Amino acid sequence: MRIASLSLLISASLLASSAFAQDTATVTGIESEISIKQTEYDSSTRILDKHLKEENQLQSQLELLRSRSTELDKEKNQALDAMNEMYRRLIDDPTLDISVAQSRYQKAVVDHKQNKNDISMQLAAIASHRKDIEQIRVAKHTLLNTLESLKEQLTTARVERLRNEFTREGTLEVDHTINCKRTETLAACEQRGQQMGLQKATKRFVDQIFVNLTEERLVEPKRNMAGAQVQILSSHVVSSAFSGQGNYNVNLSVTMRGEVNSSRLCNLLSIDNRYCSEYGTPMATTYQPSYRSNTYSDSQLTFSNDADNSAASSSDYAMKSPTTNNNISAGQDENQSIELTLRSNVYDDEVFIDGVSFGSTRLVTRLPSGIHNVEVRKLGYKPYQVRIDLNKAQTIHANLVKKSKSIAAPTYTREQPEVITSQVNENVKILNTIVDEPVVIIPAGKFKMGDINGSGLANERPVVEKTIANSFAMQSKEVTVGAYEKFVLNSGYKTQAEQGKGCAYYLNGEPVWETNLNWRNPGFDQGNDFPVVCLTYNDAKAYAEWLSGQTGQQFRLPNEVEWEYAARSGTDTEYPWGNDIDKNLANCGWCGSEWSNKRAAPVGSFSPNAFGLYDTVGNVWEWTDKESGESDVAVRGGAWNFAPSLARASTRLILTPDFRANYIGFRLMRER
């Protein structure tokens, strides 16, 4: 910290207040804790990498044992055939020695059995290793979340320290001399001299505040944007005198307190405005398509020359700062999407909107406002066609009529559904029921996948360009408790957590397993419109299979490419609205929502992205489809108790398929 050499007296409250020392100690303490946690995280990364390499070696050894098993099985059969042949020859020649054939067969049996035992031991070793990897991964994710939350605390502490440094109090003495004008009285000259002395004192006080800022190098270049002011708490003349040359000299003792436009602190520190929103203008509560940056005047601070202010007065005296407009204004999206719902009187139809297939009814989608051509087709029926001007949410009920003299497939109306049963999982048979799953159409296209902006984790790199060749449908919201309950009631399915293994939750920043936690009781109050949690990868897949059987359409978990493409919705920023999380735009840790760090939020509580998907940022992590040949699965999107930096579009956490927690849920995509 630098202290300028000024010929003035400054009280201890300006230079070495215990409060400011405490602020610095807080920041330093958090920085130290970050350093410790970073070291632990780096260490866990190395340990995990080592275990993954060891697992690959164990898998390679297992493949060798399995290959050897085939060879040994072949050798055993050949030895048995040879020994049987010797036995047949022994009938004609009792003197024949068959010991060699017997020894060969005995050795082949022993070798084959030993190899089977080796395979069993290798599988046990791999299983044990997998448990170690799971524990290391969960511990690593915990460290990562702790690390990111400490960074949140550090930024908050920096803002508070800067605010306190700007608003400190101090007393200084200043000398000022002026030449009296020939036309002014001695009293007027005295008043002007004292007034200019006060201005000199306040200017020096502001200079001293900036010089003593802990992060002065970062803040000083933006000094004109700080909105810094000085309030004079009291002042008195220590001494004053007129000289024979018509000069007036005054020595003033002035007690002052600094003031700052606190909503600008974040700009001074080059951090997200959400850390300062509690001090200034509240941030928008819902996502808007575009934002305009705050702009402030570059003019320097000015001083009052009001002759009515007496130098000896103890009344407040404040420096003036330029008037600025700190309101955030959001542009309106001219192409705002509007919800369109389609229903029909038949099953297995196909909907075309502007010539593009959107799947079958029942359909809920979002389209740009304007004119659209809608057509519903089914073999053996006359197409239903309508031209609509979509300017508000609306529902279309299509009534398809059979073609005359045609042989149409049996049709079951919504009022009289076909009664069938199908097998879902573990010999569970289900009876069909009406299921309404709102989906949106994700168009085909290309995008960059991964850590585009360079602020992500190692497993988000390298950035690669991916192509989505065909459009697909995706559930607009995460699967809810109410939807999953229909599945369970209809199928009798029992989740892995309910089988006595429980579900994980965070306690003091650490994952803890609780046997009585499951999707019905995740450890926080929830309603039917909350995202269902405490489910494993297989629990999510079982729901997808059931839903596919119910609707006659193919639902499944999206793979990582599909998920990130849909979440980005045509953007290359960290979040759908930009690179900063801002405040109350999503439900994640320290994101400023009423649910942040407390529990999940009802699905759809925040505005959707450009594709019409809700909660791709935060709320709960979402399972993605496992890649072929991989043992582990990625979850995407962040959660209500994870730091904002882990809710970016490219963030991925790797878990074992049987992991479950009250911060992990899912949503499904529908095949064309």
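Residues numbered from 1 in each chain as written. Predicted model: local features only at pLDDT ≥ 70, side-chain atom pairs only at ≥ 80, totals over all residues. Heavy atoms only, no water.

Visitor: So what exactly am I meant to see when it comes to the packing of aromatic side chains here?
Guide: The description of two aromatic rings rests on the distance between their centres and on the angle between their planes. Evaluation of the coordinates by the stated rule reveals 22 aromatic pairs. With centroids separated by 4.8 Å and ring planes inclined at 45°, the aromatic side chains of F242 and Y248 adopt a geometry described as tilted. In this structure Y248 comes out as buried when scored by relative accessible area, which is 1%. The ring centre of F352 lies 3.9 Å from the NZ or CZ of R377, which sits over that ring. Its end group placed over the ring of Y614, K477 keeps NZ or CZ at 5.2 Å from the ring centre. (Phe/Tyr/Trp six-rings, centres within 6.5 Å; stacked < 30°, edge-to-face > 60°. Buried < 20%, exposed > 50% of the residue type's maximum accessible area, 1.4 Å probe, protein only. Lys NZ or Arg CZ within 6 Å of the ring centre and 35° of its normal.)

Visitor: How do you make sense of the sheet that holds strand 6 (residues 356-357) when you look at a structure like this?
Guide: The strands making up a sheet associate through hydrogen bonds between their backbones, and the pairing can be parallel or antiparallel. Ordered in space as 6-5-8-9, the 4 strands form an open sheet in which the pairing is antiparallel. Each edge of the sheet is formed by a strand with only one pairing partner; in this case those strands are strand 6 and strand 9 (384-390). Across 7 bridges, strand 8 (residues 370-377) lies against strand 9 in antiparallel orientation. Bridge pairing in strand 9 links I371 to D389. (Pairing = 2+ DSSP bridges. Helix = DSSP H or I, 4+ residues; strand = E, 2+ residues; numbered from the N terminus.)

Visitor: Explain the pairing of strand 3 (residues 247-259) here, please?
Guide: Note on strand geometry: in a regular strand, side chains alternate between the two faces of the sheet. Note that strand 1 (residues 169-179) and strand 3 share 11 bridges and pair antiparallel. Bridging across to strand 3, T171 finds its partner in T255. Pairing of strand 2 (residues 229-242) with strand 3, which is carried by 12 bridges, proceeds in the antiparallel orientation. From the neighbouring strand, S240 faces strand 3, where its bridge partner is V250.

Visitor: Looking at this structure, how should I read the side chain of T536?
Guide: Along the chain, T536 falls in the loop between strand 18 (510-514) and helix 8 (537-551). Setting aside its immediate chain neighbours within four residues, T536 contacts Q496, W623, P657, D658, F659 and R660. (Contact = heavy atoms within 4.5 Å.)

Visitor: Help me understand the state of the cysteines in this model?
Guide: Two cysteines, two sulfur atoms, one covalent bond between them: this is a disulfide. Under the defined criterion, the tally for this structure stands at 4 disulfides. Disulfide pairing is shown between C266 and C276; the S-S distance is 2.1 Å. The S-S bond linking C266 to C276 shows a torsion near 100°; that makes this disulfide right-handed. One end of the pair, C266, is in helix 6 (residues 265-269); the other, C276, is in the loop between helix 6 and strand 4 (337-344), and 10 residues separate them in sequence. (Disulfide = S-S within 2.5 Å.)

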